[in-house]
Amino acid sequence: MFRFFVTCARGMEGALRRELADMRIAGAKGDRGGVWFEGPLDMGMRVCLHARVAVRVLVQLGTFEAPDQQSLYAGTRAIPWRDWLTATSSFAVDANIRDTPALTHSGYVALKVKDAVVDALRNAFGARPDVDPKSPDVSIVLHLAKGQAGIFLDLAGESLHQRGYRVAMVDAPLKETLAAAVLLLGGAQGDAPFIDPMAGSGTLAIEHVLAARGIAPGLRRRFGFERWPSLSPETRAAWKRLRAEADQAFHEAEHRPLPPVVCADIDAAALAAARKNAAAAGVDDAITFERADVAALEHRWPVATLATNPPYGERLKPVELDALYTSMGRAFERLSGWRVIILCGNPALERAIRRKPTVFHRLWNGPLEVRLLRYDMK
């Protein structure tokens, strides 16, 4: 049995716990920036493959007191690294530190951990492994807070928001994990029509279809643990089964009929990017792409979900932003029976809508604090 810490962006801990519960992972406990749970190694692999809001999946190798560099080195070196690395493996170290007065520079702390790992493996094998910060076989993570160190391995390798379908970009694209959290926390209805009238590169619509069809978000990418030299034949076989099951589920669902899903934007270049991304995700058959202005939004279905991430105002003049928000507020008032979900980065939009949200969550879009607002239009 292993202890895992699944990280997520600030504000998404509740959504992540709900996801793990849906995966029938019992006993998950929320913490700052993520969720803890215990289980076999293949359970962590399953989270990598299926979690929609998780950023990283870390397996804990050890914890120890590390108020200074000597104790950090000694505690790191005591971990049985030969169980995870060989003399020919490459690795990299990422350090996150806070509230430890004697150790304040993350680069220096990562270097001390690297030294301890190298020395331990040189003692075990008579040769040292390579350090490769760009493409390591094994990614080591140190969390150091108030003199307490935790050493982890990163199962994901690259961040889990990198689904593998983002082949075309627009300005300020919405991260896939944040889009998934918006849909989950906002209560997007998989059995009702869906529209994003300001779709950009199409992330919300693509994530909606992936979730509605039950397609694993990590199906089109590789994971860090696949390069670990330490995986037993049994664990590799378990991963092969997990991947095969997800692949079979995709092929069973790829043409499953869904209620209408519309990806709309006034910008033709954005729509072209959305089409390419949807095709790369294997869900373009389920999405209709329309060039349209949000101000002309129609009440085309009795019940539907609208989810969107409108501009926050960084690239628009104030007068243009006010006009946009006013037109959005007027358009939404026509949508009786709809569920309207907005990732709002500007209080002026809330004022333009002139309603009290049914659901409110504080989230972060990178360094920006944003608000998830849901309005049940009646």
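For every chain, the first residue of the written sequence is number 1, and numbering continues from 1 along that sequence. Local features in this predicted model are restricted to residues of pLDDT 70 or higher, and side-chain atom pairs are both shown and tallied only at a pLDDT of 80 or more, whereas totals for entire chains, interfaces and linings draw on every residue. As a rule here, side-chain values come from all non-hydrogen atoms in the structure, and water together with hydrogens is ignored.

Q: Lay out the overall build of the protein chain with the relevant residues and their values.
A: Runs of H or I in DSSP of at least four residues are treated as helices and runs of E of at least two as strands, each being numbered from the N terminus. Each helix and strand counted, the protein chain has 10 helices and 15 strands in total. The atom set for the radius of gyration is the C-alpha atoms, and the globule formula is 2.2 Å times the number of residues raised to the power 0.38. Taken against the 2.2 N^0.38 rule, which gives 21 Å for 378 residues, the C-alpha radius of gyration of the protein chain at 23 Å falls within 12% of a compact globule. When its C-alpha atoms are laid out on the principal axes, the protein chain stretches across 70 × 45 × 40 Å. Each residue gets one of three labels from its accessible area relative to the maximum for its type: buried under 20%, exposed over 50%, partly exposed in between, using a 1.4 Å probe on protein chains only. A total of 378 residues make up the protein chain; the buried ones form 52% of that total. Contacts were defined at the residue level, with two residues in contact if any of their heavy atoms lie within 4.5 Å. When contacts within the protein chain are restricted to residue pairs at least 6 apart in sequence, those whose partners lie at least 24 apart make up 77%.

Q: So what's going on with the state of the cysteines? Which residues, and what values?
A: Criterion for a disulfide: a pair of cysteine sulfur atoms at a distance within 2.5 Å. Under the defined criterion, the tally for this structure stands at zero disulfides. No disulfide involves C8; its nearest neighbouring cysteine sulfur is the one of C48, lying 14 Å away. On the basis of relative accessibility, which here comes to 9%, the residue C8 falls in the buried class.

Q: Would you mind going over the pairing of strand β7 (residues 138–145) in detail, with residue names and values included?
A: Looking along a regular strand, one sees side chains alternate from face to face of the sheet. Burial analysis of β7 places six of its eight residues in the buried class, which makes it a mostly covered element. Strand direction decides the pairing type here: strand β5 (residues 90–98) and β7, joined by eight bridges, are parallel. Looking across to β7, one finds that D94 is bridged to V141. Note: two strands are recorded as paired if DSSP finds a minimum of 2 bridges between them. Pairing between β7 and strand β8 (residues 148–154): six bridges, direction antiparallel.

Q: Residue-level account of the sheet that holds strand β1 (residues 2–7), with values.
A: The strands making up a sheet associate through backbone hydrogen bonding, with each pair oriented either parallel or antiparallel. Ordered in space as β2-β3-β1-β4-β8-β7-β5-β6, the eight strands form an open sheet in which the pairing is mixed. Strands at the two margins of the open sheet, each flanked by one partner only, are β2 (29–31) and β6 (130–131). Summarising the sheet, β1 and strand β3 (residues 34–39) pair through six bridges and their orientation is antiparallel. When the bridges of β3 are listed, T7 appears paired with G34. Only the contacting stretch of a helix is used when fitting its axis, a line to C-alpha atoms as for every element, and angles between N-to-C directions run 0 to 180 degrees. Relative to the sheet, helix α1 (residues 13–22) contacts β1, β2 and β3, its axis offset from that of β3 by approximately 25°. This element, helix α3 (residues 69–77), spans β4 (56–65), β7 and β8 of the sheet and lies at about 115° to β4.

Q: An account of the environment of L321 is needed here, citing residue identities and associated values.
A: Its location among the elements puts L321 in helix α9 (residues 318–332). Residue classification places L321 among the buried positions, given a relative accessible area of 7%. The sequence separation of L321 and A348 amounts to 27 residues, and the corresponding C-alpha distance is 8.8 Å.

Q: Please give an account of the packing of aromatic side chains that cites residues and values.
A: The geometry of an aromatic ring pair is captured by two quantities: the separation of the ring centres and the angle between the planes. Only Phe, Tyr and Trp rings are paired, with Trp represented by its six-membered ring, and only when their centres lie within 6.5 Å; those with planes under 30 degrees apart are stacked, over 60 edge-to-face, the remainder tilted. In this structure the tally under the stated criterion is 10 aromatic pairs. Between W36 and F152, the aromatic rings sit 6.1 Å apart at their centres with planes inclined by 40°, giving tilted as the arrangement. Placement of W36 in strand β3 and of F152 in strand β8 is noted, with a sequence separation of 116 residues between them. On the basis of an interplanar angle of 85° and a centroid distance of 5.8 Å, the ring pair of F223 and W239 is categorised as edge-to-face. Placement of F223 in the loop between α6 (203–212) and α7 (233–253) and of W239 in helix α7 is noted, with a sequence separation of 16 residues between them. Residue W239 is classed as buried on the basis of its relative accessible area of 9%. By definition here, charges over rings are those cases where NZ of Lys or CZ of Arg is within 6 Å of the ring centre and within 35 degrees of the ring normal. Sitting over the face of the ring of W36, R3 holds its NZ or CZ atom 3.9 Å from the ring centroid. Its guanidinium or amino end placed over the ring of W364, R10 lies 3.8 Å from that ring's centre, counting from NZ or CZ.

Q: Report on the environment of W228, specifying residues and quantitative values.
A: Position of W228 relative to the elements: it lies in the loop between α6 and α7. Taking the relative accessible area as the measure of exposure, W228 reaches 1% and is therefore buried. Along the sequence, W228 and S89 sit 139 residues apart, while their C-alpha atoms lie 8.3 Å from each other. Excluding residues within four positions of it along the chain, W228 makes contact with L41, V59, W84, D137, V138, L153, D154, L155 and R236.

Q: Give a description of the sheet that holds strand β15 (residues 368–376) that names residues and reports values.
A: Taken together, the seven strands give an open sheet; going across it, the order is β11-β10-β9-β12-β13-β15-β14, and neighbouring strands pair in mixed fashion. Among the strands making up the open sheet, the edge pair consists of β11 (287–291) and β14 (359–365). Averaged over all pairs of adjacent strands, the angle between strand axes in this sheet comes to 20°, irrespective of strand direction. With three bridges joining them, strand β9 (residues 194–196) and strand β10 (residues 261–265) adopt parallel strand pairing. Within β10, the position partnered with F194 by the bridge is V261.

Q: Explain the pattern of salt bridges to me, using residue names and the numbers behind them.
A: Each reported salt bridge corresponds to a side-chain nitrogen of Lys or Arg within 4 Å of a carboxyl oxygen of Asp or Glu. This model, assessed by the stated rule, comprises 15 salt bridges. The partner of D99 in a salt bridge is R98, and the shortest N-O contact between them spans 3.3 Å. Linking K114 and D115 is a salt bridge whose minimum nitrogen-to-oxygen distance equals 3.0 Å. For D115, a relative accessible area of 24% gives the class partly exposed. Salt bridges sharing common partners tie together R339, R374 and D376.

Q: Describe in detail the nonpolar core, supporting the description with residues and values.
A: Formed by 95 residues in total, the largest nonpolar core has its most connected members in W81, L155, W228 and I287. Setting aside its immediate chain neighbours within four residues, I287 contacts A205, I206, V209, V261, C263 and A278. Listed in part, the 26 residues of the second largest apolar core include V262, F332, W338 and M377. As used in this record, nonpolar core signifies buried Ala, Val, Leu, Ile, Met, Phe, Trp, Tyr and Cys residues forming a set joined through side-chain atoms within 4.5 Å.

These results come straight from atomic positions and should not be treated as a statement about function.
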